[in-house]
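Structural overview for review
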Amino acid sequence: MLKKIEAYIRSEKLDAVRMALIEIGVPAVDTVEVQGHGRQSGIKLAGRHSTYVVDTLPRIQMSFVVSDEDVEQVVDVILKTAATGNQGDGAIFICPVENLIRISTGEEGDDALTYEGEIDIAEHQVNRGS
Ligand SMILES: Nc1ncnc2c1ncn2[C@@H]1O[C@H](COP(=O)(O)OP(=O)(O)OP(=O)(O)O)[C@@H](O)[C@H]1O
Ligand SMILES: [Mg+2]
């Protein structure tokens, strides 16, 4: 059985979370920059001349699919690497996934998650442009 993990994290935590996920063997992750807010609905900023409210703040949405048995470890790693202990640290969603089909091989389900050989960390570091 597979689960999709969708995590909303602080942008500055992306590298730490991503590298920690690679270290525990998560083979693939998507990241998107999003604008969002939690229950505090943005923040008030005090400028020199006025105070204004920012309705949404930038966050990173990470999503990836893992085996059921890896969910606990993945959540632990995200909690450890993404938390500052303050409001606005984000949220993690765990969603059921019906199937995963690896296009290059046609493998399905848990088989599509296995990877023979080391995960190439260098490949993961190529697209780090700002
Ligand atoms: N229920 C949710 N649905 C979708 N996105 C969410 C949800 N909760 C949080 N997010 C995402 O996480 C980001 C940060 O949320 P935030 O940590 O402020 O949530 P919160 O529920 O207000 O918790 P806290 O009280 O710790 O701030 C949001 O900008 C949004 O992108
Ligand atoms: Mg909040």
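Scroll up for the structure.
Per chain, residue numbering runs from 1 following the sequence as it is written. Just so you know, chain letters begin at A and ligand numbers begin at 1, following the order they were written in. Side-chain atom pairs in this predicted model are given and counted only at pLDDT of 80 or more, local residue features only at pLDDT of at least 70, and totals for whole chains, interfaces and linings cover all residues. Note that the side-chain values use all heavy atoms of the structure and ignore hydrogens as well as water.

Let us now look at the site of ligand 1. We call a residue near a given molecule or strand whenever any one of its heavy atoms falls within 4 Å of it. Contacts to ligand 1 come from 13 residues, most closely from Gly36, Arg39, Gln40, Gly88 and Gly90. Polar contacts, as used here, are pairs of N or O atoms within 3.5 Å; protein pairs need one atom able to donate a hydrogen and one able to accept it. Residues neighboring in sequence count only if both atoms are side-chain atoms. One of the backbone N or O atoms of glycine 36 is found 3.4 Å from an oxygen atom in ligand 1. At a separation of 2.7 Å, an oxygen atom of ligand 1 approaches a polar backbone atom of glycine 90. Accessibility throughout is a Shrake-Rupley quantity obtained with a 1.4 Å probe, and a residue counts as covered only by protein chains that appear here. Contact with the protein chains removes 70% of the 600 Å² of surface that ligand 1 exposes when unbound. Note on residue categories: nonpolar means Ala, Val, Leu, Ile, Met, Phe, Trp, Tyr, Cys or Pro, charged means Asp, Glu, Lys or Arg, and polar means any other residue, Gly included. Classifying every residue of the shell around ligand 1 gives three nonpolar, seven polar and three charged.

Take the sheet that holds strand E6 (residues 91–97) next. Sheet strands line up and pair through hydrogen bonds in the backbone, either parallel or antiparallel. Judged by pairing direction, the sheet is antiparallel, and its four strands sit side by side in the order E2-E5-E1-E6 without closing on themselves. Each edge of the open sheet carries a strand with a single partner, namely strand E2 (30–36) and E6. Averaged over neighbouring strand pairs, the angle between their axes works out to 25 degrees when direction is ignored. In this description, strands pair whenever DSSP reports at least two bridges between them. Helix numbers and strand numbers start at the N terminus; a helix is a DSSP run of H or I with at least 4 residues, a strand a run of E with at least 2. Of the strand pairs in this sheet, E2 and strand E5 (residues 57–67) are connected by seven bridges, and their pairing is antiparallel. Among the inter-strand pairings, glycine 36 is bridged to a residue of E5, identified as leucine 57. By the convention used here, residues are in contact when the closest approach between their heavy atoms is within 4.5 Å. Axes here refer to lines fitted to C-alpha atoms; in helices the fit is confined to the stretch in contact. Angles between the N-to-C directions go from 0 to 180 degrees. Against the sheet, helix H1 (residues 14–23) touches strand E1 (2–10), E2 and E5, its axis set at about 5 degrees to E5.

One pair of aromatic rings is described through two measures. These are the centre distance and the angle between the planes. Classification of ring pairs rests on two measures: the distance between centres of Phe, Tyr or Trp rings, Trp counted by its six-membered ring, which must be within 6.5 Å, and the angle between planes, read as stacked under 30 degrees, edge-to-face over 60 and tilted in between. All told, the structure shown has one aromatic pair when counted by the stated rule. Consider the rings of tyrosine 8 and phenylalanine 93, whose centres lie 5.8 Å apart with planes at 90 degrees: the pair is edge-to-face. Taken together, the residues span a long stretch of sequence, with tyrosine 8 in strand E1 and phenylalanine 93 in strand E6 at a distance of 85 residues. Burial here depends on accessible area, computed with a 1.4 Å probe over protein chains only, as a share of the maximum for the residue type. Under 20% is buried, over 50% is exposed, and the range in between is partly exposed. The exposure class of tyrosine 8 is partly exposed, given its relative accessible area of 23%. Judged by its relative accessible area of 42%, phenylalanine 93 is partly exposed.

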